Amino acid sequence: MPNQYGLYLARENTVIRFPLNPESYKMEKSGENGEYNVLGLGPIVIPRLPKLQKISWSGLLPGRSDWGAVVTAGAFQPPKFYVEFLQAAMDDKARLRFVANRAMEDGTPMFDTNLPVIISEFSCEERGGETGDIYYELTLTEYRDYSAKTVALRQPQPDQPAQADAQPTRGVPQGQMVVGQDVTVDGPYYASSWGAEPHGTFSGFRGKISRIVTTDPQRAYPYHITTPMGGARGWVKKSQIQGG
């Protein structure tokens, strides 16, 4: 049975799965609470927003696909592919999405992590006697959107308060699928939009569309499906999807 436990990074329409699962990885989330001493009470703590979550691990990018532990043997990429992807994401200050699909050894799903991140640290090294293999260390930091939101205000009449205009929602053409839509899906789903590495088979699965590849007509499975809570599942064809 193929290993269905996988770690992924997505940038726009590109999704990579790390070819070897690390021995372990760490997800850290801590608070930034205020601690004070108050006369008559003693120590107290005031809860505040938690710090940004961090995810880190050390791993190996193998130079060949014939290792038994390689989980991307059907769509193998050399270490250069992953190194360039990660370095470019850092150089471009790109916002990525980290997904961890967790499954038991028999393929039974556990729970998923789906988190917007940036790459805060990345290093790699080559070691003597292991030509072609690249060892790396990676740290991801949770990304929170801080962009300003604007509201259009109508100028008030004399002695009247200002009012905000709510923009009407544009309708979706009949039969068109959109990101965020609730759907029912049947049939096989895959680790990439090319159809590599079948993950499993949907049967009346209720989920959401999280991404649609529209820039490359060669992609056989251009619709990415998640659970209702955002946990990544896999890529499917439009014919496998029923809206609503």
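Residues numbered from 1 in each chain as written. Predicted model: local features only at pLDDT ≥ 70, side-chain atom pairs only at ≥ 80, totals over all residues. Heavy atoms only, no water.

S.K.: So, the overall build of the chain: which residues are in play, and what are the values?
M.R.: A count of helices and strands for the chain gives one helix and 16 strands. Within the chain, buried positions represent 38% of all 244 residues. By element, 51% of the accessible surface of the chain is carried by carbon and sulfur atoms, the whole surface being about 15,300 Å². (Helix = DSSP H or I, 4+ residues; strand = E, 2+ residues; numbered from the N terminus. Buried < 20%, exposed > 50% of the residue type's maximum accessible area, 1.4 Å probe, protein only. Areas by Shrake-Rupley, 256 points an atom, 1.4 Å probe, with all protein chains shown as cover.)

S.K.: How would you explain empty space enclosed by the protein if you had to name every residue and give the values?
M.R.: Counted by the stated rule, this structure contains one cavity of 30 Å³ or more. Put simply, the largest cavity is a space of about 100 Å³. Those elements that place two or more of their residues in the lining of the largest cavity are strand E1 (6-11), strand E7 (96-103), strand E13 (198-212) and strand E15 (232-236). Here the lining of the largest cavity gets four residues from one element, more than from any other, and that element is E15. Broken down by class, the residue content of the lining of the largest cavity amounts to nine nonpolar, four polar and three charged. (1 Å grid on protein atoms, 1.4 Å probe; cavity = no way out; pocket = protein on both sides within 12 Å on 5 of 7 lines; lining within 4 Å. Points joined across faces, edges and corners; volume = space filled by probe spheres on them. Nonpolar A, V, L, I, M, F, W, Y, C, P; charged D, E, K, R; others polar.)

S.K.: I'd like a description of unusual backbone geometry, backed by residues and values.
M.R.: Note: most peptide bonds trans; most residues except glycine with negative phi. Look at Glu12: it is not a glycine, yet its phi comes out positive at around 55°. Following the sequence through the fold, Glu12 ends up in the loop between E1 and strand E2 (14-17). Here Glu12 falls in the exposed class, since its relative accessible area comes to 67%. The backbone of Lys93 sits at a positive phi, close to 50°, despite the residue not being glycine. Locating Lys93 in the fold gives a position in the loop between helix H1 (79-91) and E7.

S.K.: Before we move on, could you go through the layout of surface pockets and cite the residues and values that matter?
M.R.: Estimated volume of the largest pocket: approximately 350 Å³. In terms of lining residues, the largest pocket is bounded by 18 residues, among which Val15, Ile16, Phe81, Ser192 and Trp194 are the most central. Among the secondary structure elements, those contributing two or more residues to the lining of the largest pocket are E2 and H1. Of all the elements, E2 adds the most residues to the lining of the largest pocket, at four residues. Grouping the constituent residues of the lining of the largest pocket by class yields nine nonpolar, six polar and three charged. Its volume calculated, the second largest pocket comes out at about 230 Å³. Every residue lining the second largest pocket is listed: Ala10, Arg11, Glu12, Ala94, Arg95, Leu96, Arg97, Pro116 and Arg211. At the level of elements, E1 and E7 are the ones that each hand at least two residues to the lining of the second largest pocket. Of the residues assigned to the lining of the second largest pocket, the class counts are four nonpolar, no polar and five charged.

S.K.: Lay out the sheet that holds E1 in plain terms, naming residues and giving numbers.
M.R.: Spatially, the seven strands line up as an open sheet ordered E2-E1-E7-E8-E9-E6-E3, and their pairing is antiparallel. A single partner strand is all that each edge strand has here, and the edge strands are E2 and strand E3 (25-28). Each neighbouring strand pair of the sheet contributes to a mean axis angle of 30°, computed without reference to strand direction. Bridge count between E1 and E2: four bridges; the pairing is antiparallel. The partner of Ala10 across the bridge, within E2, is Val15. (Pairing = 2+ DSSP bridges. Axes fitted to C-alpha atoms, helices over the stretch in contact; angles between N-to-C directions.)

S.K.: Describe a nonpolar patch on the surface, naming the residues involved and giving the relevant values.
M.R.: Residues Met104, Met110 and Phe111 make up a contiguous nonpolar surface patch of roughly 310 Å² in combined accessible area. Following the sequence through the fold, Met104 ends up in the loop between E7 and strand E8 (109-125). Since its relative accessible area comes to 41%, Met104 is described here as partly exposed. (Patch = residues over 30% accessible without salt bridge, like charges linked within 9 Å, V, L, I, M, F, W, Y side chains within 5 Å. Salt bridge = Lys/Arg side-chain N within 4 Å of Asp/Glu carboxyl O.)

S.K.: If you had to explain the pattern of salt bridges to someone new, which residues and values would you point to?
M.R.: Under the criterion given, the structure shown has seven salt bridges. The partner of Arg11 in a salt bridge is Asp92, with the nearest N and O atoms 2.9 Å apart. Remark: Asp92 occurs in the loop between H1 and E7 and Arg11 occurs in strand E1; sequence separation between them is 81 residues. Residue Asp92 is classed as partly exposed on the basis of its relative accessible area of 45%. Residues Asp112 and Arg233 are paired through a salt bridge, measuring 2.7 Å at the closest nitrogen-oxygen approach. Within this pair, whereas Asp112 is found in strand E8, its partner Arg233 is found in strand E15, the two being separated by 121 residues in sequence. Asp112 gets classed as partly exposed once you look at its relative accessible area, which sits at 21%.

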